[in-house]
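Listed below are the residues making up each chain.
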Amino acid sequence: MTYRFLHTADVHLDSPLKTLALRNPELSEVIGLATRRAFVRIIDLCLEEQVDALVLAGDLYDGDQTSMKTARFLAEQLRRLHEAGIKSFIIRGNHDALSRITTELVMPDSVKVFGATAETVAIDRAPGRFPVVIHGLSFAKPHAPESLLVRYQPPVPDTVNIGIMHTSLGGSEKHDLYAPCSVTDLQRSGFRYWALGHIHKRSIVEGALSAVVMPGIPQGRDINEDGPKSVSLVTIRDDKSVVVEERQTSVAQFERLEVDVSGASDWKEMIGTIFKKMEDLRSVVEADHLVTRLEITGSNELAWRVRRDLDLVRTEMETRGAVIGNVWIDKVHTSCVPPSRSENRSGALEELVTIIDKEVKDSTDYQQDVRAIADELRGQLPPELRDIFGADEISFQRILRSFAKEGSSDVVARLRGGEGE
């Protein structure tokens with residue numbers, strides 16, 4: 001008597017990984033294939049749970065993709081559901097609206113792709129089972145500045161109404177405003193379940209009348225999409241109550257790992273401390289691969305060497321990550337500092353640090369020189385990578401200050417290393 005479906009969104013199949021590819025082509029290949037492997041897991045889960053349907057709430061593709069290899073892969077996977085008698089319901093999100101695949105791909109008969117006009121599909125169910133209808137509406141263009149809720153058809157009386165919508169809700173960090181609407185409006189709409197997409201972070205708002213679910217992205221693609229990723233397995237019971245279960249789908253999981261090395265007395269002990277923390281993290285990550293960004297912190301006499309030899313730290317951790325198994329290093333940062341200067345000897349180097357901090361960094365000439373160098377570098381980058389220096393003037397200035405701080409610290413670290421040698 002129940003109705004069960006798997007709800008996912010923001011798959012971003014074959015999403016290009018430009019910045020990651022620049023840093024580590026091998027890791028980029030792992031993550032690039034991970035979107036496909038995560039989608040295969042989604043299909044496998046549908047088959048294992050014998051659900052009635054798969055619901056995809058937009059951004060199945062990633063922008064203006066033209067590769068028909070992506071199209072063939074998708075068609076093959078949806079055909080697996082078709083052969084098992086499982087229907088698929090898909091809406092186009094803002095990224096799908098850009099994709100040529102969206103209009104060219106021929107789907108199996110069991111797949112319903114909603115158009116730019118709101119539609120309602122009645123589910124064919126056996127006699128005696130409660131009726132179910134699914135409402136959907138796709139993006140016709142990449143932008144939708146106004147709420148789409150008013151364009152959906154009213155709920156069908158005495159029926160379980162399921163709505164599929166791609167929306168930013170009221171807005172979210174790192175997400176532009178798309179088809180904005182409030183959770184309260186969705187809950188008052190008369191729909192029993194809202195299958196949402198667009199925001200990559202998972203959220204569930206359950207009420208007596210309606211469940212509003214954003215499943216999040218099923219596979220992270222960079223460190224800003226860290227943590228385990230999942231889909232929602234939804235069961236609507238005979239009494240119309242809704243049960244939402246989270247099922248993890250990450251093939252590769254990004255995690256930030258901060259390691260305090262204050263207690264390390266030498267380089268070997270410090271490397272061992274970082275390795276142990278990395279090993280502990282790997283033991284609790286279920287995904288096939290762990291991709292970690294290391295942040296080395298604390299007060300330590302080795303701080304200058306850590307900053308100077310950060311490339312050696314990365315090499316050590318990459319080697320040990322291979323020993324642990326499928327552990328990758330995204331980046332290694334350090335905010336590790338030497339003990340307070342009052343405990344160190346005074347001298348020319350300490351005086352230089354004071355001059356840099358108090359006289360050089362904030363001087364007009366220095367700021368102009370840094371900006372000129374950054375502008376020249378930014379101009380040499382391809383357009384899709386220029387946001388590395390910030391997307392607006394405020395972020396540009398913030399990044400320049402960060403570069404200046406890191407650069408001066410690196411110089412001092414190398415001078416201190418030469419002094420110690």
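For the structure, see preceding data.
A brief report on the enclosed structure follows. (Residues numbered from 1 in each chain as written. Predicted model: local features only at pLDDT ≥ 70, side-chain atom pairs only at ≥ 80, totals over all residues. Heavy atoms only, no water.)

### Things to note about the nonpolar core
The tendency in soluble globular proteins is for nonpolar side chains to be buried side by side.
Then, in step 1: Ranked by internal contacts, the top residues of the largest apolar core, which has 25 residues, are Met-270, Ile-274, Ile-296, Val-313 and Met-317.
Then, in step 2: Counting only elements with at least two residues in this core, the list comes to strand E13 (252-260), helix H6 (267-284), strand E14 (289-297), helix H7 (303-308), helix H8 (310-324) and strand E15 (327-334).
Then, in step 3: Leaving out residues up to four positions away in the same chain, Met-270 has contacts with Val-261, Ala-264, Leu-302, Val-306 and Val-313.
Then, in step 4: Grouped together as the second largest cluster of nonpolar side chains are 24 residues, Val-55, Ala-57, Ile-134 and Ile-164 included. (Core = buried A, V, L, I, M, F, W, Y, C linked by side-chain atoms within 4.5 Å. Buried < 20%, exposed > 50% of the residue type's maximum accessible area, 1.4 Å probe, protein only. Helix = DSSP H or I, 4+ residues; strand = E, 2+ residues; numbered from the N terminus. Contact = heavy atoms within 4.5 Å.)

### A closer look at the sheet that holds E13
Then, in step 1: The three strands are arranged E13-E14-E15 in an open sheet whose pairing can be described as parallel. On the outer flanks of this sheet lie E13 and E15, each paired with one strand and no other. Here the strands of the sheet are splayed against their neighbours by 20° on average, with no regard to which way each runs.
Then, in step 2: Note: E14 against E15, seven bridges, orientation parallel. For Ile-296, the partnering residue across the bridge sits in E15 and is Thr-334.
Then, in step 3: Against the sheet, helix H2 (residues 25-49) makes contact with E13, E14 and E15, and its axis sits at roughly 125° relative to E15, the strand it touches most.
Then, in step 4: Contacts between H8 and the sheet are confined to E14 and E15, with E15 contributing the most and set at about 155° to the helix. (Pairing = 2+ DSSP bridges. Axes fitted to C-alpha atoms, helices over the stretch in contact; angles between N-to-C directions.)

### Some points on the side chain of Gln-77
Then, in step 1: With respect to the helices and strands, Gln-77 occurs in helix H3 (residues 68-83).
Then, in step 2: The class for Gln-77 is buried, based on a relative accessible area of 9%.
Then, in step 3: Polar side-chain contacts of Gln-77 include one of 2.8 Å to the side chain of Arg-80. (Polar contact = N/O pair within 3.5 Å; in protein donor to acceptor, adjacent residues only side chain to side chain.)

### Things to note about the pattern of salt bridges
Then, in step 1: Per the counting criterion, the structure on display carries 17 salt bridges.
Then, in step 2: Residue Arg-4 pairs with Glu-49 through a salt bridge whose shortest N-O separation is 3.0 Å. In this pair, Arg-4 sits in strand E1 (residues 3-8) while Glu-49 sits in helix H2, placing the two residues 45 residues apart along the sequence.
Then, in step 3: Asp-309 serves as the salt-bridge partner of Arg-308, at 2.9 Å between the closest nitrogen and oxygen.
Then, in step 4: For Arg-308, a relative accessible area of 18% gives the class buried. (Salt bridge = Lys/Arg side-chain N within 4 Å of Asp/Glu carboxyl O.)

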